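Geometric and topological summary
Now for the letters of each chain:
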Amino acid sequence: MQIPALILIALLVALSSPASADPRDVLRNCQALLARAQSSGTEKPSEAEIARCRQVVRDWTLRESRMSVDENGKPLR
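Overview of the structure. Because the structure is a prediction, the values reported are computed rather than measured.

So, about the overall build of the protein chain. Along its length, the protein chain carries three helices and zero strands. For the protein chain, the succession of helices and strands along the chain, N to C, is α-α-α. Among the 77 residues that make up the protein chain, the fraction classed as buried is 16%. In the protein chain, of all internal contacts separated by at least 6 residues, the share reaching a separation of at least 24 is 32%.

Between helix α2 (residues 23-38) and helix α3 (residues 47-66), the least distance of the axes is 9 Å, while the angle of their chain directions is 130°. Between α2 and α3, the angle falls in the class oblique. The element α2 and its partner α3 pack so that their crossing is left-handed. Two secondary-structure elements touch here, α2 through P23, R24, V26, L27, C30, Q31, L33, L34 and A37 and α3 through E49, I50, R52, C53, R54, V56, V57, W60 and E64.

A grouping of L8, L11 and L12 is seen on the molecular surface, where their side chains present a nonpolar patch of about 290 Å² in accessible area. Inspection of the secondary structure puts L12 in helix α1 (residues 2-16).

The next subject is α2. In an α-helix there are 3.6 residues to a turn, and that puts residues three or four apart on one side. The end-to-end C-alpha distance of α2, which contains 16 residues, comes to 23 Å, matching closely the 22 Å that a straight helix rising 1.5 Å per residue would cover. Among the residues of α2, those classed as buried are R24, L27, C30, L33, L34 and A37.

Here the focus is the nonpolar core. If you look at the biggest cluster of nonpolar residues, it comprises nine residues: L27, C30, L33, L34, A37, I50, C53, V56 and W60. Of all the secondary-structure elements, those providing two or more residues to this core are α2 and α3. Among the elements that make up this core, the one with the highest residue count is α2 (five residues). In this view, V56 contacts V26, L27 and C30; residues no more than four positions away in its chain are not counted.

Thresholds, definitions, all that
- Residues numbered from 1 in each chain as written.
- Predicted model: local features only at pLDDT ≥ 70, side-chain atom pairs only at ≥ 80, totals over all residues.
- Heavy atoms only, no water.
- Helix = DSSP H or I, 4+ residues; strand = E, 2+ residues; numbered from the N terminus.
- Buried < 20%, exposed > 50% of the residue type's maximum accessible area, 1.4 Å probe, protein only.
- Contact = heavy atoms within 4.5 Å.
- Axes fitted to C-alpha atoms, helices over the stretch in contact; angles between N-to-C directions.
- Parallel < 35°, antiparallel > 145°, perpendicular 65-115°, else oblique.
- Left-handed = near helix turned anticlockwise from the far one by under 90°.
- Patch = residues over 30% accessible without salt bridge, like charges linked within 9 Å, V, L, I, M, F, W, Y side chains within 5 Å.
- Areas by Shrake-Rupley, 256 points an atom, 1.4 Å probe, with all protein chains shown as cover.
- Salt bridge = Lys/Arg side-chain N within 4 Å of Asp/Glu carboxyl O.
- Expected span 1.5 Å × (residues − 1).
- Core = buried A, V, L, I, M, F, W, Y, C linked by side-chain atoms within 4.5 Å.

All we've got here are geometric facts, nothing functional implied.
Structure follows, in structure tokens:
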């Protein structure tokens, strides 16, 4: 009975891993977190989360500037 429980736990961990998240969803979540960090009325995210999200947005900006097609495969130029 313990083996199926271990498999289930391993499966849940693998599915909830940030590495398996869609990269565009990570970008959107980081953009939302940075917007919340700038607003004064809401709870502030930690400095570590803000720094990580700034890096994600910076990486996406650099990545998209080198791409010749959009996410649907259509030419950008």
